[in-house]
Amino acid sequence: MKLSRYFLPTLREDPADAQVLSHKLMLRSGMIHPTCHGIYSWLPLGLKVLAKLERIIADEQDKAGCHRILMPTIQPATLWRDSGRYDDYGKEMLRIKDRHGRDMLYSPTHEEVATDIMRQFLKSYKQMPLNVYQIGWKFRDEIRPRFGVMRGREFLMKDGYSFDVTKDAAVAAYKKVVISYLKTFERMGLKAIPIRADSGAIGGDLSHEFHVVADTGESEIFYDCEYDALSANTMSFDDIERIYSAADDKHDPANCQIPTEKLRTARGIEVGHVFYFGTKYSKAMGLSVVGRDGEAIFPEMGSYGIGVSRLVAAIIEANHDKNGIVWPASVAPFKFGIITASWQDPSIVDIAEDLYQKMITRNVEVVYDDREERAGVKFADMDLIGIPFQIVLGAKCNDGIFEWKDRRTGERMDLTLEALFNKVDENDDCKNFVKR
RNA sequence: CGGGAAGUGGCGCAGCCUGGUAGCGCAUCUGCAUGGGGUGCAGGGGGCCGGAGGUUCAAAUCCUCUCUUCCCGACCA
């Protein structure tokens, strides 16, 4: 992408309305545009990041054996009357009427629709275990939307629903999702702490929240430093049950088992929440299958959510510096950036154009700042929008030398074209993605 | 909804107290210069001062109402 032709409305100053850093940076880098209170349009740069997150989430879900579907945002009230939640769910649920006067709603969550689908599909215990998920928009008419997409009213969520024959199987499905979530967050460059939680409006008796550690997090969390050393790839659910973690409302310093020197205190942003709630919905909505002995079985269910649009903000909260966003490479809108330090030297522009074309041909995610601006402006914008790897073309590129800059470390090195492409390949996990 | 604050070119702000018909920085456009870390100079365009009503010869400025936004509380991915 050439920046001169891109739709990237960057701002030099923080909008006065934005309070938190991620919101300021998302507005300044032209990722989002506020459409009304708590409702945002996603501009090209922001949408690219959302798509990256979706891709990682979908990949991990698929690996965990879940099946992607897509459910409607507008739903009939009848389904919610079946589950008993139409009257229970408060003003967060946006209620509307269609032209025939039928009660409809913009869905805040999808347990009812998922259960309804399975009422049609699930006939036998042999069809389970089954786990379906979607990545779709939700609407919750929050009392007080704030912090940009961190707490918007309309938000993108990955929500999944599991159906199992027995409680043991359902709990196993639950544990599997928890582990896959940890892998998902780790791939986004995030440190996520699972914390035992109340199940709230969804109901049920087993629930975990996932908190991303960031200085500007909304809640205070406490956890054993052992989490720092663990990798999601080797972690088991037993580790999660064994290792201490709690949010501020649950943490009791007097009864905390672990020694204070091992206790970590941090701010956390809740980016995921999972529930096991048994037969609550299957019984209420009449979802049953035939068991081995011909008996009726109400599937044991769980639901699993990741706040995708909130994750964008959470990643920024956890990855920024004074110059702007510092995207982890796996979620960056563009992995590589090309900057010409002088646009008036035609040879440099030609070399930049050539390099850009070569990278495009290799299907590399690259943004080329071809604008007729001072180098300083280009550097500032590349840093603001958080491009992880930046290639700078100066006088030395006439001798075949390119400067490579790592946004995270600030490290710079001079490379030949061949070395440059090795470096590009080494850092281009898109190709690895496809291979896998 | 309760408690605070604020609405003035695209963005950030000043002007308001003490009414006289709008200004600065950034952005944008033009020209010249510049060319390795948010360039310099000069010139230009763009605002019925959130909206409605009132007071007044005269309202961005004073009064009333209203809408919107932000912060604190209850809610949550």
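So, here is what we can say about the structure in this document. Keep in mind it's a predicted model, so treat the numbers as computed, not measured.

## Let's talk about the protein's contact with RNA strand B
The environment of RNA strand B is formed by 46 residues, the closest being Arg12, Trp343, Gln344, Gly394 and Glu403. Backbone atoms, meaning sugar and phosphate, form 43% of the atoms of RNA strand B found within 4 Å of the protein. Here a sugar or linking oxygen of RNA strand B sits 2.8 Å away from a polar atom, N or O, in the side chain of Gln19. In this structure, Glu142 approaches RNA strand B through a side-chain N or O atom, which is 2.5 Å from a base oxygen. For the surface near RNA strand B, the secondary-structure elements that each account for two or more residues are strand S8 (154–164), strand S13 (263–278), helix H12 (375–384) and strand S22 (401–406).

## Side note on the sheet that holds S22
In any sheet, the strands associate via hydrogen bonds between backbone groups, in a parallel or an antiparallel arrangement. The strand order across the open sheet formed by five strands is S20-S19-S21-S22-S23, and the pairing between neighbours is mixed. Two strands bound the open sheet, and with one partner strand each, they are strand S20 (366–369) and strand S23 (412–416). Sheet twist, expressed as the average angle between the axes of neighbouring strands with direction ignored, equals 25°. H12 rests against strand S19 (336–340), S20, strand S21 (389–393) and S22 of the sheet, and its axis sits at about 170° to S19. Strand contacts of helix H13 (residues 417–427): S19, S21, S22 and S23, with the helix running at about 120° to S23, the strand carrying the most contacts.

## Considering the pattern of salt bridges
Evaluated as defined, the whole model comprises 35 salt bridges. Here Lys138 ties to Asp159 by a salt bridge, and the two come within 3.0 Å at their closest N and O atoms. Of this pair, Lys138 sits in strand S7 (residues 130–139) while Asp159 sits in strand S8, and the two are 21 residues apart along the sequence. Taken as a pair, Lys138 and Asp159 share a single burial class, namely buried. Overlapping salt bridges bring together Asp59, Glu60, Lys63 and Arg187 as one network.

## Observations concerning helix H11 (residues 346–361)
Helical geometry: 3.6 residues make up each α-helical turn, so side chains three or four residues apart lie on a common side. The end-to-end C-alpha distance of H11 is 22 Å, a good match for the 22 Å that 16 residues give at a rise of 1.5 Å each. As for H11, its buried residues are in contact with S19, S20, S21, S22 and H13. Phi turns positive, to about 65°, at Asn363, one or two residues after H11.

Rules used in this analysis
Residues numbered from 1 in each chain as written. Chains lettered and ligands numbered in written order. Predicted model: local features only at pLDDT ≥ 70, side-chain atom pairs only at ≥ 80, totals over all residues. Heavy atoms only, no water. Near = heavy atom within 4 Å. Polar contact = N/O pair within 3.5 Å; in protein donor to acceptor, adjacent residues only side chain to side chain. Helix = DSSP H or I, 4+ residues; strand = E, 2+ residues; numbered from the N terminus. Pairing = 2+ DSSP bridges. Axes fitted to C-alpha atoms, helices over the stretch in contact; angles between N-to-C directions. Contact = heavy atoms within 4.5 Å. Salt bridge = Lys/Arg side-chain N within 4 Å of Asp/Glu carboxyl O. Buried < 20%, exposed > 50% of the residue type's maximum accessible area, 1.4 Å probe, protein only. Expected span 1.5 Å × (residues − 1).

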